Amino acid sequence: MFTRVNKLQIELPKSTYADANAAAAVQELLGGRFGEMSTLNNYLFQSFNFREKKKLKPFYDLVASITAEELGHVELVTTAINLCLTGTTFEGDPDVTPMQSGVDKRNTYHFIATAQTALPGDSMGKSWSGDYVFNSGNLVLDLLHNFFLECGARTHKMRVYEMTDHPVAREMIGYLLVRGGVHIIAYAKALQIVTGVDVTKMLPIPNLSNDKFDAARKYEAQGWHRRLYTFSEHDYEDVKQIWKGTHPLDGGQLEVIQGTPAGGPIPDLEAVEETFAPGISYEDFLEIAKRLQRSAGL
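- In the annotation of an unreviewed UniProt entry, the entry for the protein chain reads Manganese catalase, and the organism field reads Anoxybacillus flavithermus.

1. A word on unusual backbone geometry
Moving on, step 1. Across the junction of Ile-205 and Pro-206, the peptide omega takes the value -10°, indicating a cis bond.
Moving on, step 2. Along the chain, the position of Pro-206 falls in the loop between α7 (167-195) and α8 (214-221).
Moving on, step 3. Of note, the amide linkage connecting Ala-277 to Pro-278 takes the cis form, showing an omega dihedral of 5°.
Moving on, step 4. Locating Pro-278 in the fold gives a position in the loop between β2 (255-257) and α9 (282-295).

2. Points about a nonpolar patch on the surface
Moving on, step 1. Residues Ile-280, Tyr-282, Phe-285, Leu-286, Ile-288 and Leu-292 make up a contiguous nonpolar surface patch of roughly 590 Å² in combined accessible area.
Moving on, step 2. Secondary-structure assignment places Ile-288 in helix α9.
Moving on, step 3. The class of Ile-288 is partly exposed, set by a relative accessible area of 32%.

3. Details of the nonpolar core
Moving on, step 1. Formed by 42 residues in total, the largest nonpolar core has its most connected members in Leu-12, Leu-76, Val-77, Ile-81 and Met-172.
Moving on, step 2. Within the residue set of this core, elements represented by two or more residues are α1 (20-26), α2 (28-31), α3 (36-48), α4 (57-85), α6 (139-163), α7 and α8.
Moving on, step 3. The greatest single-element share of this core, amounting to 9 residues, is contributed by α4.
Moving on, step 4. In contact with Leu-12, not counting residues within four places along its chain, are Leu-76, Thr-79, Ala-80, Leu-83, Val-168, Glu-171 and Met-172.
Moving on, step 5. Membership of the second largest hydrophobic core comes to 31 residues, among which are Leu-62, Leu-149, Val-199 and Val-239.

4. A word on the UniProt feature "binding site: Ca(2+)" (unreviewed entry) in the protein chain
Moving on, step 1. According to UniProt, the feature "binding site: Ca(2+)" (unreviewed entry) maps to Asp-61 and Ser-232 in the numbering used here. Across 172 residues, the annotated set stays spatially compact, with a maximum C-alpha separation of 10.5 Å. Filtering the just-named annotated residues for those lining the largest pocket gives Ser-232.
Moving on, step 2. As for its placement among the helices and strands, Asp-61 is situated in helix α4.
Moving on, step 3. Within the element layout of this structure, Ser-232 appears in the loop between β1 (227-229) and β2.

5. Describing the environment of Thr-164
Moving on, step 1. You can see Thr-164 is positioned in the loop between α6 and α7.
Moving on, step 2. Owing to a relative accessible area of 7%, Thr-164 belongs among the buried residues under this scheme.
Moving on, step 3. Spatially, the C-alpha atom of Thr-164 lies 9.0 Å from that of Val-26, the residues being 138 residues apart in sequence.
Moving on, step 4. The residues contacting Thr-164, other than those within four sequence positions of it, are Asp-19, Ala-22, Ala-169 and Arg-170.
Moving on, step 5. Of note is the side chain of Thr-164, whose polar atom sits 3.0 Å from the backbone nitrogen of His-166.

Cut-off values and rules
Residues numbered from 1 in each chain as written. Predicted model: local features only at pLDDT ≥ 70, side-chain atom pairs only at ≥ 80, totals over all residues. Heavy atoms only, no water. Helix = DSSP H or I, 4+ residues; strand = E, 2+ residues; numbered from the N terminus. Patch = residues over 30% accessible without salt bridge, like charges linked within 9 Å, V, L, I, M, F, W, Y side chains within 5 Å. Areas by Shrake-Rupley, 256 points an atom, 1.4 Å probe, with all protein chains shown as cover. Salt bridge = Lys/Arg side-chain N within 4 Å of Asp/Glu carboxyl O. Buried < 20%, exposed > 50% of the residue type's maximum accessible area, 1.4 Å probe, protein only. Core = buried A, V, L, I, M, F, W, Y, C linked by side-chain atoms within 4.5 Å. Contact = heavy atoms within 4.5 Å. UniProt positions renumbered as here; feature names shortened; annotations may be inferred. 1 Å grid on protein atoms, 1.4 Å probe; cavity = no way out; pocket = protein on both sides within 12 Å on 5 of 7 lines; lining within 4 Å. Polar contact = N/O pair within 3.5 Å; in protein donor to acceptor, adjacent residues only side chain to side chain.

Have a look at this one:
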């Protein structure tokens, strides 16, 4: 079962301007082959389908705990897309063409289909596919795939970071570069335990340190790259048998934290009347409030 916490994993800055084309690029980090929907669903199904969970519990605990973190990453990237889109159009009578700005943007689906919010798809508007899920049932092969998947995700994050300087996009990417690095090293360490091969000697892939990115540097300075969270109050604690020792790149001590990060607030997206979202007027709201009071016996 999952417990949902009404927070983002970090606090994102308030968007000071709209950049719909940046949002379109960031979509790749959500619904692309190497996006967060792929990392989530790969690990989700691998954890559901994991054989001999008791015998191989540290490895099951690793995949299961990272699964929960990836669910939060999906929400974080989605929120960043939403904030980049905020303010692209303006409220007005339909005949003044209040959504005229949307026609020239790279992804018109953002304006036609989802009321200027994220899509479960990539940077070209292609829907995310379950074909991106790899679950062979072989522990070494799945761990090797996960290592590759995280390296590919890191590469795409670095490229999108270089495509846009929007502060919301960069804050999100900076954080995920650091957290994705944790997952890369975790799968590398798991492979070393299973096979004896020191996969960490291949890192970093690509060969560029996270501290080269301004938005990532502060998270590394705070030690986020050395922490692995269980995302559970009591379970998955045997991940400590894998996530231990020192960080292969900076030599710092690795730490398993039982539970979740402190997190930050989820932005409250305002109404976008020109898209009829959410389609509840002030008068509607008052009537809804009355109905709620009546149903509560007030």
